[in-house]
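If you want the building blocks of each chain, they are given just below.
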Amino acid sequence: MASSELQQSISELKQHRQAVILAHNYQRGEVQDIADFVGDSLGLSRQAARTDARVILFCGVHFMAETAKIICPDKLVLEPDRNAGCPLADMITERELEALKQEHPEAKVVCYVNSSASIKAMSDICCTSANAQKVVASFPPDQELIFVPDRNLGRYTAASLGRKLILGPGHCPTHEHITSRDIVGEKSKHPHAKVTVHPECTKEVIDLADHVGSTSQMLKYCQESGAEEFIIGTEIGILHRLRKENPGKVFYAASPLADCPDMKLTTLQKVIWALEDMVYEVTVAEEEASRARTAIERMLHLS
Ligand code: SF4
């Protein structure tokens, strides 16, 4: 089926199913184009919270669809490919977090949204890359804090606030494909370009950047900056939106290897199958969901 036919089928099915399609900024360009909302984890959580659609079809990875289900327990939340996971989210287990809590009994737990429902349920508050600093700063300076699972976001947040965090050991393999050598190489090819990177990148990469932010903050920076060229240090799916929204500007990927295989599992054909067969339903046990919801709602109230 041609892409325009697929788009037409999706539009009809969406209406028929009373569904809203949410897509992350790292999705394939054609998937972003059929979505009702495209954004980062925080923006999509907010959209999930305020939609009155009966069905949420989440084009992203599993923890995002799970977060939408936790926020909207009465809605049917579907994910087009149930294998779309997040290796970073899998880098902290309940046992490991429990061990950290035992080691630091006075500490509160801040968990990055890239985590399972069970980790959120064990945390005091959730955060995204857009609001990690605000969330951490909401605790008194002398409050011990455990930050899981992303050590890069945790390290960046701690450094920018000048406070100490107890960090989990996780990292995003896709963002760690971007090296300082890539940034230096791209800067020598494009000396006038500004460098904007995601805080899931390593410290060495962050130290070379002009700007650090979540995907929405990166989009805003590129839109508002007077510069005409940008080196983009995050998952390459974001280039689609950057180019579409800024036709007069030029964007270079810091590394073509920053291509998340899980994010790319969702295709237009799978979106159609999901809406035709109403699969794959995302469920979270209510007791766990209720504790995880408290951590997410605390974050949403703060931001
Ligand atoms: Fe997870 Fe990294 Fe892929 Fe995002 S880009 S879904 S953090 S592995």
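Computed from a predicted model, the values in this text were never measured in an experiment.

## Description of the environment of Val-113
- Among the secondary structure elements, Val-113 is positioned in the loop between strand 5 (108–112) and helix 6 (117–121).
- Note: C-alpha distance between Val-113 and Asn-152 (39 residues apart in sequence) is 14 Å.
- In this structure, Val-113 is in contact with Ser-41, Phe-63, Thr-67, Lys-120, Cys-126, Cys-127 and Thr-128, ignoring residues within four places of it in sequence.

## A short note on the domain arrangement of the protein
- Domains assigned within the protein are domain 1 (3–85 + 263–283), domain 2 (89–171 + 289–302) and domain 3 (178–253).
- On a C-alpha basis, the centroid separation for the pair domain 2 and domain 3 is 26 Å.
- Counting residues at the interface gives nine residues for domain 2 and ten residues for domain 3.
- Looking at the side of domain 2 facing domain 3, the largest losses of area belong to Ser-129, Asn-152 and Tyr-156, adding up to 58% of the total buried there.
- Taken together, domain 2 and domain 3 are joined by zero salt bridges.
- Here domain 2 is connected to domain 3 by five residue pairs in polar contact (both at pLDDT 80 or more).
- Considering every element that reaches the side of domain 2 that touches domain 3, the biggest residue donor is helix 8 (residues 151–161), with four residues.
- Considered class by class, the residues forming the side of domain 2 that touches domain 3 number four nonpolar, three polar and two charged.

## Re the environment of Gln-47
- Looking at where Gln-47 falls in the secondary structure, it is placed in helix 3 (residues 41–50).
- Linking Gln-47 and Val-20, residues 27 residues apart in sequence, is a C-alpha distance of 9.7 Å.
- What Gln-47 contacts, discounting residues up to four positions off in sequence, is Leu-22 and Phe-37.

## Overview of helix 4 (residues 62–71)
- Counting buried residues in helix 4 gives nine out of ten residues, a clear majority hidden from the surface.
- Among the structural elements, strand 1 (19–24), helix 3, strand 3 (55–59), strand 4 (76–78), helix 6 and helix 14 (286–302) are those in contact with the buried residues of helix 4.

## Digging into the sheet that holds strand 3
- Strand order across the open sheet formed by four strands is 2-1-3-4, with parallel pairing between neighbours. Sheet topology places strand 2 (37–39) and strand 4 at the edges, where each strand pairs with a single neighbour. Strand-to-strand twist across the sheet, computed as the mean angle between neighbouring axes with direction ignored, equals 20°.
- Note: strand 3 against strand 4, three bridges, orientation parallel. Note that in strand 4 the partner of Val-55 across the bridge is Leu-76.

## Things to note about the packing of helix 3 against helix 4
- One way to put it is that helix 3 packs onto helix 4 with a least axis distance of 9 Å and a crossing angle of 35°. The crossing of helix 3 and helix 4 is right-handed. Here Ser-41, Ser-45, Ala-48 and Ala-49 of helix 3 lie close against helix 4, whose contacting residues are Phe-63, Met-64, Thr-67, Ala-68 and Ile-71.

## So, the state of the cysteines
- With the rule as written, the count across this model stands at zero disulfides.
- No disulfide involves Cys-72; its sulfur sits 14 Å from the nearest other cysteine sulfur, which is in Cys-126.
- The class for Cys-72 is buried, based on a relative accessible area of 6%.
- There is no disulfide at Cys-111, and the cysteine sulfur nearest it, in Cys-126, is 4.2 Å away.
- When its relative accessible area of 0% is taken as the criterion, Cys-111 is described as buried.

## Things to note about the site of the ligand
- Taken together, Val-61, Cys-86, Pro-87, Leu-88, Asn-114, Cys-172, Thr-174, Glu-200, Cys-260 and Met-263 make up the full set of residues adjacent to the ligand.
- Its atoms largely coinciding with the cavity grid, the ligand occupies the largest pocket.
- For the shell around the ligand, a count of residues per class yields seven nonpolar, two polar and one charged.

## Structural notes on the nonpolar core
- Counting 60 residues, the largest nonpolar core has Ile-56, Phe-58, Leu-97, Val-110, Ile-146 and Val-148 as its most contacted members.
- The dominant element in this core, judged by the number of residues it contributes, is helix 4, at six residues.
- Shared between two domains, this core takes at least three residues from each, and those domains are domain 1 (3–85 + 263–283) and domain 2 (89–171 + 289–302).
- With residues up to four places along the chain from it excluded, the contact list for Phe-58 reads Leu-22, Leu-44, Met-64, Ala-65, Ala-68, Leu-78, Glu-79 and Pro-80.
- Formed by 19 residues, the second largest nonpolar core is a distinct cluster that contains Val-31, Leu-268, Ile-272 and Ala-274.

Criteria and thresholds
- Residues numbered from 1 in each chain as written.
- Predicted model: local features only at pLDDT ≥ 70, side-chain atom pairs only at ≥ 80, totals over all residues.
- Heavy atoms only, no water.
- Helix = DSSP H or I, 4+ residues; strand = E, 2+ residues; numbered from the N terminus.
- Contact = heavy atoms within 4.5 Å.
- Domains from an automatic or database assignment.
- Buried area = accessible area lost by both parts, 1.4 Å probe.
- Salt bridge = Lys/Arg side-chain N within 4 Å of Asp/Glu carboxyl O.
- Polar contact = N/O pair within 3.5 Å; in protein donor to acceptor, adjacent residues only side chain to side chain.
- Nonpolar A, V, L, I, M, F, W, Y, C, P; charged D, E, K, R; others polar.
- Buried < 20%, exposed > 50% of the residue type's maximum accessible area, 1.4 Å probe, protein only.
- Pairing = 2+ DSSP bridges.
- Axes fitted to C-alpha atoms, helices over the stretch in contact; angles between N-to-C directions.
- Left-handed = near helix turned anticlockwise from the far one by under 90°.
- Disulfide = S-S within 2.5 Å.
- Near = heavy atom within 4 Å.
- 1 Å grid on protein atoms, 1.4 Å probe; cavity = no way out; pocket = protein on both sides within 12 Å on 5 of 7 lines; lining within 4 Å.
- Sits in = over half its atoms within 2 Å of the grid points.
- Core = buried A, V, L, I, M, F, W, Y, C linked by side-chain atoms within 4.5 Å.

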